[in-house]
Amino acid sequence: IAWRLVCLPGSVALADACELFINPLTVVAMLLTARAKRATAIIHTGASSALGQMLCKAAPGFGVEVVHVTHRQQHVEMLHRLGATHVLNSSSDSYGAQLDEKIRALRVKLAFDCVAGDSAGALVAKLPPRSTVYAYGRLSSSYLSAIPVIDLIYRGKKVEGFMVTRAFAKLGPLELLKYK
């Protein structure tokens, strides 16, 4: 049905079309999910992507702090210029310790991971009990791995798939009406 509402010229690249529609809706869905879970801070991997930059700009309006995770120092600097307060370079030797500190200081219990592979498992291992890692991409081109089963069983941690349409359906109309 959506293609009947908005027609883009054939010259518009898929990535550009996503930046117009899917990415902003995904950002709103992530932030409304955080709000519904009463989270004041989240972790986001792939922070230098177009979606990550949108999240950086939108999160303060929702009262959500974001720990932006990227893998290049130049992206750290770019995100700081966009106004990000908490930016970590996953390629840094001190990344693990820095992430632990941010999780503790901000009381992070939600993460949105677009990398997959070992990334989701590393986040599950670092987050506190009753936390959730939402997998919404597969930039690593590999399956989710290194997920500590003990954390799932005994610590109540979860890994869930995140898709914008399901997120909005799960949130329901009352939560969507609160969005301004």
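Predicted, not measured: the structure shown is a model, and the values here were computed from it.

Visitor: Tell me what's going on with the packing of aromatic side chains, and back it up with residues and numbers.
Guide: Evaluated as defined, the whole model comprises 3 aromatic pairs. Seen from their ring centres, Phe112 and Phe162 are 5.2 Å apart, and the 80° between their planes marks the pair as edge-to-face. One end of the pair, Phe112, is in strand E4 (residues 110-113); the other, Phe162, is in the loop between strand E6 (158-161) and helix H9 (164-178), and 50 residues separate them in sequence. Comparing Phe112 with Phe162, the two get one shared label, buried. Look at Tyr134 and Phe162: their rings are 5.5 Å apart centre to centre, the planes differ by 70°, and that puts the pair in the edge-to-face class. Note that Tyr134 is positioned in strand E5 (residues 132-135) and Phe162 in the loop between E6 and H9, a separation of 28 residues in sequence. These aromatic residues form a ring-pair network of at least three members: Phe112, Tyr134 and Phe162. A cation over a ring is seen here: Arg138 above Tyr143, with NZ or CZ 5.5 Å from the ring centre.

Visitor: Describe the sheet that holds E5, listing the residues and the values that go with them.
Guide: Hydrogen bonding along the main chain pairs the strands of a sheet, whether they run parallel or antiparallel. Ordered in space as E3-E2-E1-E4-E5-E6, the 6 strands form an open sheet in which the pairing is parallel. With partners counted over all chains shown, the strands left at the sheet margins are strand E3 (86-89) and E6, one partner each. Sheet twist, expressed as the average angle between the axes of neighbouring strands with direction ignored, equals 20°. Judged from the 4 bridges that link them, strand E2 (residues 65-70) and E3 form a sheet pairing that is parallel. In the strand pairing of E3, His68 is matched with Val87.

Visitor: Go over the layout of surface pockets, please, and point to the residues and values.
Guide: Computed from the structure, the largest pocket encloses a volume of approximately 220 Å³. In this structure, the largest pocket is lined by 16 residues; those nearest its centre are Thr45, Gly46, Val69, Ser90 and Val115. Those elements giving two or more residues to the lining of the largest pocket turn out to be E2, helix H6 (95-106) and helix H7 (118-126). Of all the elements, H7 adds the most residues to the lining of the largest pocket, at 3 residues. Here the lining of the largest pocket is built from residues that sort into 8 nonpolar, 8 polar and no charged.

Visitor: Please provide a residue-by-residue account of the side chain of Ser131, values included.
Guide: With respect to the helices and strands, the residue Ser131 is situated in the loop between H7 and E5. Among the polar contacts listed, one links the side chain of Ser131 to the backbone oxygen of Pro128, at a separation of 2.5 Å. In this structure, Ser131 is in contact with Val108, Lys109, Gly156, Lys157 and Lys158, ignoring residues within four places of it in sequence.

Visitor: Hey, could you go over a nonpolar patch on the surface for me, with residue numbers and the actual values?
Guide: Residues Val6, Leu8, Leu20, Phe21 and Ile22 make up a contiguous nonpolar surface patch of about 410 Å² in total accessible area. Mapped onto the elements, Ile22 comes out in helix H3 (residues 22-36). Of the residues examined, Ile22 reaches a relative accessible area of 42% and is grouped as partly exposed.

Visitor: For the nonpolar core, give the residues involved together with the corresponding values.
Guide: With 23 residues, the main nonpolar core has Leu31, Ile42, Phe162 and Phe168 as its most contacted residues. Among the elements of the structure, H3, helix H4 (50-62), E4 and H9 are those that each provide at least two residues to this core. When residues of this core are assigned to their parent elements, the largest contribution, 7 residues, is made by H3. Those residues in contact with Leu31 that sit more than four places away from it in its chain are Leu55, Ala58, Ala59, Phe62 and Val64. Core analysis: the next-biggest nonpolar cluster, separate from the first, contains 16 residues, Leu99, Ile103, Val108 and Leu127 among them.

Parameters and conventions
Residues numbered from 1 in each chain as written. Predicted model: local features only at pLDDT ≥ 70, side-chain atom pairs only at ≥ 80, totals over all residues. Heavy atoms only, no water. Phe/Tyr/Trp six-rings, centres within 6.5 Å; stacked < 30°, edge-to-face > 60°. Helix = DSSP H or I, 4+ residues; strand = E, 2+ residues; numbered from the N terminus. Buried < 20%, exposed > 50% of the residue type's maximum accessible area, 1.4 Å probe, protein only. Lys NZ or Arg CZ within 6 Å of the ring centre and 35° of its normal. Pairing = 2+ DSSP bridges. Axes fitted to C-alpha atoms, helices over the stretch in contact; angles between N-to-C directions. 1 Å grid on protein atoms, 1.4 Å probe; cavity = no way out; pocket = protein on both sides within 12 Å on 5 of 7 lines; lining within 4 Å. Points joined across faces, edges and corners; volume = space filled by probe spheres on them. Nonpolar A, V, L, I, M, F, W, Y, C, P; charged D, E, K, R; others polar. Polar contact = N/O pair within 3.5 Å; in protein donor to acceptor, adjacent residues only side chain to side chain. Contact = heavy atoms within 4.5 Å. Patch = residues over 30% accessible without salt bridge, like charges linked within 9 Å, V, L, I, M, F, W, Y side chains within 5 Å. Areas by Shrake-Rupley, 256 points an atom, 1.4 Å probe, with all protein chains shown as cover. Salt bridge = Lys/Arg side-chain N within 4 Å of Asp/Glu carboxyl O. Core = buried A, V, L, I, M, F, W, Y, C linked by side-chain atoms within 4.5 Å.

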